[in-house]
Amino acid sequence: MLARQFHVIRTGKEAFEFEVMLYGGVRCNLRPLLIIHSIEFPIPPSSSFCEAMRAAGFQVIFVRRAGFGKSSPLPRALVTDALIRSGATAMAEAAMMRQLISKLGLTDTVLLAMGSANLVAYRLVKLAPEITYTVFANPVFNQDIFQVFTPDWFRAMLKQIVTSKSGLKVAMQGMKLLIRKDPIAFYNHIYNKNAHDLRYIQDNADDYRESGRFALETDPAQLFYDAIMLLDKDPLLRDGYFADTAGTVLIGKESLEYWRSQMHLEAKRVGLPVIEAPKGDLFCAYTSPDMLISAIEARVRSAEYALA
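Residues numbered from 1 in each chain as written. Predicted model: local features only at pLDDT ≥ 70, side-chain atom pairs only at ≥ 80, totals over all residues. Heavy atoms only, no water.

## So, the nonpolar core
At step 1: Phe141, Tyr225 and Phe242 are the most contacted members of the largest nonpolar core, which totals 51 residues.
At step 2: Setting aside its immediate chain neighbours within four residues, Phe242 contacts Tyr122, Phe136, Phe141, Leu237, Val270, Gly271 and Leu272.
At step 3: Counting 45 residues, the second largest nonpolar core, distinct from the first, contains Ile43, Phe58, Phe62 and Ala295. (Core = buried A, V, L, I, M, F, W, Y, C linked by side-chain atoms within 4.5 Å. Buried < 20%, exposed > 50% of the residue type's maximum accessible area, 1.4 Å probe, protein only. Contact = heavy atoms within 4.5 Å.)

## Description of the confidence of the model for the chain
At step 1: Put simply, the chain has an average pLDDT of 86, and 88% of its residues get 70 or more.
At step 2: Across residues 304–308, confidence stays below pLDDT 50; counting only partners more than four residues off in sequence or on other chains, it has zero contacts. (pLDDT = per-residue confidence, 0-100.)

## Concerning the packing of aromatic side chains
At step 1: This model, assessed by the stated rule, comprises 19 aromatic pairs.
At step 2: Look at Phe136 and Phe141: their rings are 6.1 Å apart centre to centre, the planes differ by 75°, and that puts the pair in the edge-to-face class. Accessibility classification places Phe136 together with Phe141 in one group, the buried group.
At step 3: When the ring of Phe283 is compared with that of Tyr286, the centres are 5.9 Å apart and the planes differ by 40°; the resulting orientation is tilted.
At step 4: Judged by relative accessible area, Phe283 falls into the buried class, the value being 2%. (Phe/Tyr/Trp six-rings, centres within 6.5 Å; stacked < 30°, edge-to-face > 60°.)

## A look at the pattern of salt bridges
For side chains of opposite charge, pairing can occur when their charged atoms come near one another.
At step 1: Within this structure, the stated rule accounts for 21 salt bridges.
At step 2: A salt bridge links Asp108 to Arg31; its shortest N-O distance comes to 3.0 Å. Of the two residues, Asp108 sits in the loop between helix H3 (88–104) and strand S5 (109–114) while Arg31 sits in strand S3 (residues 31–36), which places them 77 residues apart along the sequence.
At step 3: Among the residues examined, Arg31 registers a relative accessible area of 18% and is labelled buried.
At step 4: We note a salt bridge from Asp203 to Arg199, for which the minimum N-O separation is 3.1 Å. Of this pair, Asp203 and Arg199 both sit in helix H8 (residues 195–203), separated by four residues, roughly a single helical turn.
At step 5: By sharing partners, the salt bridges in this structure join Glu19, Arg64, Glu210, Arg213 and Glu217 into a single network. (Salt bridge = Lys/Arg side-chain N within 4 Å of Asp/Glu carboxyl O. Helix = DSSP H or I, 4+ residues; strand = E, 2+ residues; numbered from the N terminus.)

## Thoughts on the side chain of Ser72
At step 1: Among the secondary structure elements, Ser72 is positioned in the loop between strand S4 (58–64) and helix H2 (81–86).
At step 2: Ser72 sits in the buried class, given a relative accessible area of 16%.
At step 3: Once you skip the residues sitting within four places of it in the chain, Ser72 turns out to touch Phe16, Glu17, Ala66 and Gly67.

## So, unusual backbone geometry
At step 1: One non-glycine residue, Asp108, lies in the positive phi region at around 45°.
At step 2: Using a relative accessible area of 40% as the deciding quantity, one classes Asp108 as partly exposed.
At step 3: Although it is not a glycine, Asn138 sits at a positive phi angle of roughly 50°.
At step 4: With relative accessibility at 4%, the residue Asn138 sits in the buried group.

## Section: the pairing of S4
On a regular strand, one side chain projects to one face of the sheet and the next to the other, so that they alternate.
At step 1: Burial of S4 is extensive: seven of the seven residues sit out of reach of the surface.
At step 2: Looking at chain direction, strand S2 (residues 16–23) and S4 are connected through four bridges and run antiparallel. Paired with Met21 across the strands is Phe62, a residue of S4.
At step 3: With six bridges joining them, S3 and S4 adopt parallel strand pairing. Counted as the bridge partner of Leu34 is Ile61 from S4.
At step 4: Each parallel crossover has a hand, and for S3 linked through helix H1 (residues 47–55) to S4 it is right-handed. (Pairing = 2+ DSSP bridges. Right-handed = clockwise from strand over helix to strand, strands pointing away.)

## Focus on the sheet that holds strand S8 (residues 274–277)
At step 1: The sheet built from eight strands is open, its strands ordered S1-S2-S4-S3-S5-S6-S7-S8 with mixed pairing. The open sheet has two edge strands, strand S1 (4–11) and S8, and neither has a second partner. Neighbour-to-neighbour, the strand axes of this sheet turn through a mean angle of 25°, independent of strand direction. (Axes fitted to C-alpha atoms, helices over the stretch in contact; angles between N-to-C directions.)

Listed below in structure tokens is the structure:
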């Protein structure tokens, strides 16, 4: 297998830096699969996933979002309650990522957005014509999702985070205490609903230990930003928002029935089809690479048919 090798890439007049993994170490002539991560797992997909995508003609390019690893943090002036809730913070992050796409010279790009990264992704696709297809994996648009978070202590922690700055501080202290004790056990608790997600953790335990290290370093403002955008209603997502966007929502068939039904309703409202992967829940994209490849190839065949 090739290396999941990271580079620090500087972009824009403000010299903003992104930490980027180019699978294989250098940019090649394969079609780019650009992945942006959710807050809880700022680690690239497994080497076996990257190999499966490479065999299908894609090079995995994984970007650490602003504030993670060696990627520059968002300016403090942007991470305020008012700007986060208005969507301005997410738009600024999308604009920075747009500059990275230009710097890398990416074209005909497939974007895979994981979990909380979707709040940036659905802004980015409107800014970047280089993205020709997007897979929104387990997005939260405007559906009501509080009850899907398990176990109970994790749901309570999220409520603390979005309620007040003092609640955020208490939640961060509790989360970091659990991670320091045993990062694998922490992730096992969060993903306890699904056997395939748990298997992915077991098969990639070193990645989850590293993810735990990142969690300990995460700025509370970053957690507040993602949590607010996940759990608040986003006025940007009007009816038919994605009518001119080539993309699909990807969820796992093994997800909770409530989650799946809410996702289907919301996706229909904003104008996206839904595909259900046979394995996994939060990590259905990583545990079902064949389904991901099939979804992209179906889009290519559809586009070719439309041009015929």
